[in-house]
Each structure stands twice: as structure tokens, then as C-alpha cells.
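The residues making up each chain are set out below.
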Amino acid sequence: MQLTDFDYDFFVIGGGSGGVRASRIAAGLGARVGLAEERYLGGTCVNVGCIPKKLFSYASHYAHDFEDARGYGWELQGEPKFHWSTLRDNKDREIQRLNAVYLGMLERAGVVVHQQRAVLLDKHTIALGDRKVTAREILIATGGWPVIPDIEGKEHAITSNELFSLTALPDSILIVGGGYIAVEFAGILAGLKVVTTLVHRGSSLLRGFDAEIAGAFALELQKYATLHLDTDVTKIHKATNGKLQVLLSNDIELTVGAVMFATGRNPNTTGIGLEELGVELEENGAIIVNDDFTTSIRNIHAVGDVIDRVALTPVALAEGQILAQRLFGKNDAGKRRAMRYENIPTAVFSNPNIATVGLDEEGARQQYPNLAVYRSRFTALRHTLSGRQE
Ligand SMILES: Cc1cc2nc3c(=O)[nH]c(=O)nc-3n(C[C@H](O)[C@H](O)[C@H](O)COP(=O)(O)OP(=O)(O)OC[C@H]3O[C@@H](n4cnc5c(N)ncnc54)[C@H](O)[C@@H]3O)c2cc1C
């Protein structure tokens, strides 16, 4: 087959952070690019991740701001009231606006957008419904999907995906998990006056973060939420009044309005023709790629959450950009750029916020025999008058 016989030079499956960036850069470099997105342009980050979460986090912080304002001389008439439906619907409108921005941006870059599911038929052919298109290079950027462990009553539980569009906010919630998504939602929901309990099977929160920061954070969290560490959920039962009765492995029984699992996300790799083609996958379904983001099949590449390295938007963006430049770049410097994962700045929009970059203390100790550790504990100037202990 001649190169020009293909419909596209580059076809991207998945219109999330990684796919959008890779397709836009490739089109800018002169490639003929197609992209398929089956659900929502912008992917997880825009629709059910970073963006709505940060908007909810702002919403939740107002509760503290109203309280803190008193120390600064403000008198608020009566208790401020929060309307969930206003927040949810305004958030939905903003996301619809962003979906349109993404579509416009891709089309202006020259990317042909197919708003439907794509499945690989062979290493150069993609099925889009009952149509087929061909491409010289293919990128899988299909992201991940939250998983709920196999426990009795799991059908009554939700994940962050559903929480973003609940019809009504529950009066109480049990959040399961100890990672950043779990602790962020604990802070958000507690701020919105939902009675919040966090259950985590591990002995500390925020694995992978500096242990001292994670420990200090766990103490802060217990000012607004109940925490059960080393604990699992064993059973969920829906009572006749609609409440959920939850049995924990420490024999505690809770009655809550909702149970949300934030216990991990699996790579989205089933049913898109990867196994049939012989693309090598990890046991959890993640696509195995080399340093150039190429799979076991030379013209099929993968970036973002689907390769399960570091599941963050700027990482997916950087991987997508590096891949597009390597495949279609005009100069050697761009083509040779490699991805380095050591110093990824990371923020947790928990209450209080956490930010980190580089090695944690434990990691540093393994690399450097002589280490000086500087530690500072302080209360923000703002809270000297607000009276908040944080
Ligand atoms: C609650 C939550 C909060 C988060 N907060 C942050 C944060 O604050 N900061 C941060 O950096 N990261 C955050 N993340 C992580 C971030 O959203 C992801 O790392 C990022 O979206 C990964 O991008 P991606 O392109 O790999 O996949 P995605 O953004 O998931 O995009 C994949 C896309 O592929 C589409 N797709 C799948 N299969 C097909 C198919 N067969 N055909 C067509 N389309 C298909 C999907 O519909 C989806 O739109 C958060 C995630 C969650 C869940």
C-alpha cells in the first residue's frame, strides 16, 4: 500500500487529554488526522475529572469563607443556603461550552472529528459504526474507567462519574478509597454539609505522597470527616427508606445516603480489537508501550491513562505531544524529545490542599546518604483572624 492510499496519516481513538493534544500537534505538523470520540470531547478531565471537581471544590470552599468572614468584621444575615441543582446545572453548562471549544479547536487545526465509537479491525483499519477508515499510524488514547470491587450490593454504589450529576445531594456519604480522588471528594462533600465518612483498606492515606504530609493531612481530615483506616466495605444493603446500610470489615454498620467508590480506574482496552490484533497488554489491561509510546505493533501507539503510568492530564498531554512530534516532526530535536516522569508537580485539591514535586523523603533517603530535612509548620496569616485551626 502506498502512504497516500490511507485515508489518514494518523488516526486517534479517544478525544481526551492525550488524544486531543496528539491529534492537534500532528495536524499542525501537516499530517492528515482523524479522531474518534464516543462519549464526550475533552475526555475524563473536562467532563468527569479535573474541571468539574475543581468547580465543586470552589463551591465547597465558600462554606469556609462564609464562616471565616466573621473574624474580618463581616456579618452575614442568617445561615447561607446552598442549592445543589444550581451548582450542578451551571457546571453542566460550562462543560457543554468546553465540549464546543474542543470541537472548534480540533476542526480549526484540520482534524476530522468522528463523534462515535472506534474499533480496530486490523493494524491499519478502524471501524466507525458500519464505515471503515484506514490510517498509517494509529493512537489509542482511550483513558480509563472507575471500578467498583466485587462485593455484595455493589450495584447500589456510585463512583465519581455519577456523583457529578446526582439529582439530589445525599445528607450523608461513605467514600471508599485513600487516593487523591477519595480525599478530594471527602473535602468537597463535607464542605457542602454532607456528613462524610472515609473508609480505606490501607493503613495511611495518599500512598505515594510524602508520609509526613499524608499523616498531617489525615489529622486535618478528621476535623470534618470520620476516618476508618485498615477497613474494607463487605456488604451494602438498600433499606426500604432508600438509605444504604453498609457493613464494614471492622463490624461497624453505617446507614448513609450514598456510597462512593474511589478505589481505582482500569484502562479502557476491552472490545476495541486490541487482543485480536495481538497488542500486548498488562494483566490489568494497560497497553504496554516502549519509551516512544509504541505498542508491540509498530504502527499502533498509546498514551495517557490507558498505559497506566501516571494518570494525570498534563502527563497525557506531554505524552501525546511527544508522540506526535516524533511521528510527524520536521526537525531532529523535536523528534528526539523523551518523556521523563521524575519531577511531575502534583496538586491534591483536598481540604487543605497539598502540593508536591520530586522525590519524597523516603525516596530521597534511598538515593542520598546524607540528607538534611527542613520542616516548617505554620498557620496561614489569613487564619489568624478567621480563627480557623488549619
Ligand atoms: C475525579 C477525577 C479527578 C481528576 N482530577 C485531576 C486533576 O485535578 N489533575 C489532573 O492532572 N488529572 C486529574 N484526573 C485525571 C485525568 O482526568 C486523566 O489523567 C486524563 O483525563 C487522562 O487523559 P486520557 O487522554 O488518557 O484519557 P481520557 O481523558 O479518559 O479520554 C479518553 C477518551 O476516550 C474515549 N473513548 C474510549 N474508548 C473509545 C472508543 N473505542 N472510541 C472512541 N472513543 C473512545 C472516552 O470516551 C474518553 O473521552 C482526574 C480524574 C478523575 C476521574
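Summary of the structure given here. Note that the coordinates shown come from a computational prediction; the quantities given were computed from them, not determined experimentally. (Residues numbered from 1 in each chain as written. Predicted model: local features only at pLDDT ≥ 70, side-chain atom pairs only at ≥ 80, totals over all residues. Heavy atoms only, no water.)

## Re the layout of surface pockets
Which entries qualify depends on this criterion: For cavity detection a 1 Å grid was placed over the protein atoms alone, and a set of points counts as a cavity when a 1.4 Å probe fits there but cannot get out; an open set counts as a pocket when protein lies on both sides within 12 Å along at least five of seven lines, with lining residues being those that have an atom within 4 Å of a point. Grid points are joined across faces, edges and corners, and a volume is the space filled by probe spheres set on the points. For the purposes of this entry, the term helix denotes a DSSP run of H or I that reaches at least four residues, the term strand denotes a run of E that reaches at least two, and both are numbered from the N terminus. Only Asp, Glu, Lys and Arg are considered charged, only Ala, Val, Leu, Ile, Met, Phe, Trp, Tyr, Cys and Pro nonpolar, and every remaining residue, Gly among them, polar.
By volume, the second largest pocket amounts to about 1,300 Å³. Ile213, Ala216, Pro352, Asn353 and Phe378 are the residues nearest the centre of the second largest pocket, which is lined by 39 residues in total. Elements supplying a minimum of two residues to the lining of the second largest pocket: α3 (50-69), α7 (211-221), β18 (354-356), α11 (361-367) and α12 (382-386). The residue inventory of the lining of the second largest pocket, partitioned by class, reads 17 nonpolar, nine polar and 13 charged.

## Here we look at the state of the cysteines
What counts, and what does not: Throughout, a disulfide means two cysteine sulfur atoms within 2.5 Å of one another. Accessible area is worked out with a 1.4 Å probe on protein chains only. A residue is then buried under 20% of its type maximum, exposed over 50%, and partly exposed in between.
A complete count under the given rule lists one disulfide for this structure. Note that Cys45 is cross-linked by a disulfide to Cys50, the S-S spacing being 2.2 Å. On the sign convention where negative means left-handed, the S-S torsion of about -130° between Cys45 and Cys50 marks this disulfide as left-handed. With relative accessibility at 31%, the residue Cys50 sits in the partly exposed group.

## Focus on empty space enclosed by the protein
Enumeration according to the criterion identifies one cavity of 30 Å³ or more in this entry. One number sums up the size of the largest cavity: a volume of about 40 Å³. In terms of lining, the largest cavity is formed by Ser57, Ser60, His61, His64, Glu184, Gly187, Ile188, Phe349, Ser350 and Asn351. Looking at the lining of the largest cavity, the elements with two or more residues in it are α3 and α6 (180-191). At four residues, the largest contribution of residues to the lining of the largest cavity is made by α3. Residues that form the lining of the largest cavity fall into these classes: two nonpolar, seven polar and one charged.

## Notes on helix α1 (residues 17-28)
Filter applied, for reference: Given the number of residues in a helix, its expected span is that number minus one, multiplied by 1.5 Å.
A rise of 1.5 Å per residue sets the reference length of α1, with its twelve residues, at 16 Å; its end C-alpha atoms lie 17 Å apart and thus fit the reference within 8%. By the criterion of burial, α1 is predominantly enclosed, with ten of the twelve residues buried. Those residues of α1 not exposed but buried are Ser17, Gly18, Gly19, Val20, Arg21, Ala22, Ser23, Ile25, Ala26 and Ala27. Two residues or fewer past α1, Gly30 is found with a positive phi of approximately 100°.

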